[in-house]
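Next come the chains, spelled out residue by residue.
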Amino acid sequence: MRTVTTTELACMEVINLCDGARLGYPSAVELNVDDRCATAILVPKESGLLCFGKQEIYRIPWCRIECIGEDTILVKMTDADLAGCCCQFQGKKKHKL
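Colleague: Pulling in residues and values, what's your account of the pattern of salt bridges?
Modeller: Applying the stated criterion to the full structure yields 4 salt bridges. The salt bridge partner of Arg 22 is Glu 13, with a shortest N-O separation of 3.8 Å. The salt bridge involving Asp 81 is made with Arg 64; its shortest N-O contact spans 2.7 Å. Of this pair, Asp 81 sits in helix α2 (residues 79-85) while Arg 64 sits in the loop between β5 (56-61) and β6 (65-68), and the two are 17 residues apart along the sequence.

Colleague: Tell me about the nonpolar core, and name the residues and values.
Modeller: Grouped burial of nonpolar side chains is what soluble globular proteins tend to show. Val 14, Leu 23, Ile 41, Tyr 58, Ile 60, Ile 73 and Val 75 are the most contacted members of the largest nonpolar core, which has 14 residues in total. Broken down by secondary-structure element, the contributors of at least two residues to this core are β4 (37-44), β5, β7 (72-75) and α2.

Rules and cut-offs
Residues numbered from 1 in each chain as written. Predicted model: local features only at pLDDT ≥ 70, side-chain atom pairs only at ≥ 80, totals over all residues. Heavy atoms only, no water. Salt bridge = Lys/Arg side-chain N within 4 Å of Asp/Glu carboxyl O. Helix = DSSP H or I, 4+ residues; strand = E, 2+ residues; numbered from the N terminus. Core = buried A, V, L, I, M, F, W, Y, C linked by side-chain atoms within 4.5 Å. Buried < 20%, exposed > 50% of the residue type's maximum accessible area, 1.4 Å probe, protein only.

Written as structure tokens, this is what we have:
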């Protein structure tokens, strides 16, 4: 069994197999704590200009990941899929212990 840490995932570039586009690098992994499994990776959407305010991200469902290699994550998503999975980042406030 091969394991990958979240730090290692963050260094892997996400490539879309449908068109060869580079989507970026994962910033987070979404987990279902009840089922104890990963449900999606969150990839910040790259923009050409400086972005102020909320950042848009791709929420790529785990089932769309075709392969996790040594330095890339291959996903298979159509343009319509990508448009439907783009949302604004809504981070939670951090609490001090």
